[in-house]
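One-letter residues, chain by chain:
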Amino acid sequence: VLSSGINAEYGQHYYITNNLSQMSLKSKICLVTGASRGIGRGIALALGSEGATVYITGRTLEPTSTAPGSLSVTAEEVNARGGVGIPVQCDHGVDEEIHRLFDRIEKDYGKIDLVVNNAFKGVNTIGKNIKVPFWEQPIESWDDVIHVGLRCHFVAAQRAAQLMVPKKEGLIVNISSAGALFSFFTAPYGVGKAGLDKMSEMCGKELKKHNVVCLSLWPGLVQTEAIMASKEKFEKEEVSGIKLDVTKGETVEYAGRAIVGLMNDKNLSGKNGKTVSTADLGQEYGFTDIDGRTHYSMRCVKAGVSLKCPWLASLIPGFIKVPWSWLVAFVHHYY
């Protein structure tokens, strides 16, 4: 049951979303971009479980034989959870389509409470170029990641702020990743995620006086359809020098539970402009993944050691963490 309490470490209200919903977001109007599949779909389902009205966008409106998932299927799943799913076909690489989307939301409800910027075009491009030096990659490896993965999020954040600022409330969540700090995948990927985190910081600072929050959210390794389809490859090969264990990845709904927690956080303004991880929010708000697993933040010594020495990590308590500033300093020195 969705319940609140006091977390001793953080000293604030937290929200447990492990069991039956109490529809904490029944009156909320939300937008999740890139929700045909993957993390976006999982976030939409978690919001729907709390009774939210969720606009979901993407380019795949109806099911096809070429790719898993579609907006219509996600909308049906949101409705089945108790929410209201509204599928809107939208190419976030086209500014005019983003503007039409927000015009529709404003006309339908006159407000928006939550925008989750998740649309991302670079999955296939990254897969093709992950082992190719940046100077040999086609310029599309930059354009796909930066255009639909950074630029489009700025356009959406602008339109969201225009609706949120007059009402003095709202939350903008930019789905980023540890690729902003570590060397994962390709150079354009790292640039895009680092840029998104900086955008969250700068926009959050400007929005603070209007009681609107903008932040970046880092999921861990997520069991998306694309990741699971390449499971055997990950088991055999290292990615950016790291052996990834897909079986330990977060489900697509884990990030959604984190966002539900953020929406119910009475002290949300304290996270304005910051970058937070799903695993840290799991500890703070007291939720687990949908299968009951607990995930550990990269700030946990246990998580870091497990990448190279799983046997040693099993002996380290999960509560031992390093401050963000230490982690950033270490990574910059190491690289």
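Residues numbered from 1 in each chain as written. Predicted model: local features only at pLDDT ≥ 70, side-chain atom pairs only at ≥ 80, totals over all residues. Heavy atoms only, no water.

Novice: Got a sec to walk through the confidence of the model for the chain? Specific residues and values, please.
Specialist: Across the chain, the average pLDDT comes to 86, with 84% of residues at or above 70. In this model, residues 1–17 is a region of pLDDT below 50 whose contacts with residues beyond four sequence positions or in other chains number 55 contacts. (pLDDT = per-residue confidence, 0-100. Contact = heavy atoms within 4.5 Å.)

Novice: Outline the pattern of salt bridges, supporting the account with residue identities and numerical values.
Specialist: Where charged atoms from two side chains of opposite charge approach closely, those side chains can pair. According to the stated counting rule, one finds 13 salt bridges in the structure shown. For Asp 103, the salt bridge is made with Arg 159, and the minimal N-O distance between the two is 2.8 Å. Placement of the pair is Asp 103 in helix 3 (residues 95–109) and Arg 159 in helix 5 (residues 140–167), with a sequence separation of 56 residues. We classify Arg 159 as buried; its relative accessible area is 11%. For Arg 104, the salt bridge goes to Asp 108, with nearest N and O atoms at 3.5 Å. Within this pair, Arg 104 and its partner Asp 108 are both found in helix 3, separated by four residues, close to a single helical turn. (Salt bridge = Lys/Arg side-chain N within 4 Å of Asp/Glu carboxyl O. Helix = DSSP H or I, 4+ residues; strand = E, 2+ residues; numbered from the N terminus. Buried < 20%, exposed > 50% of the residue type's maximum accessible area, 1.4 Å probe, protein only.)

Novice: Help me get a handle on the environment of Gln 158, residues and values and all.
Specialist: One can find Gln 158 in helix 5. Assessed through its relative accessible area of 38%, Gln 158 is described here as partly exposed. Along the primary structure Gln 158 and Cys 203 are separated by 45 residues, whereas in three dimensions their C-alpha atoms are 9.3 Å apart.

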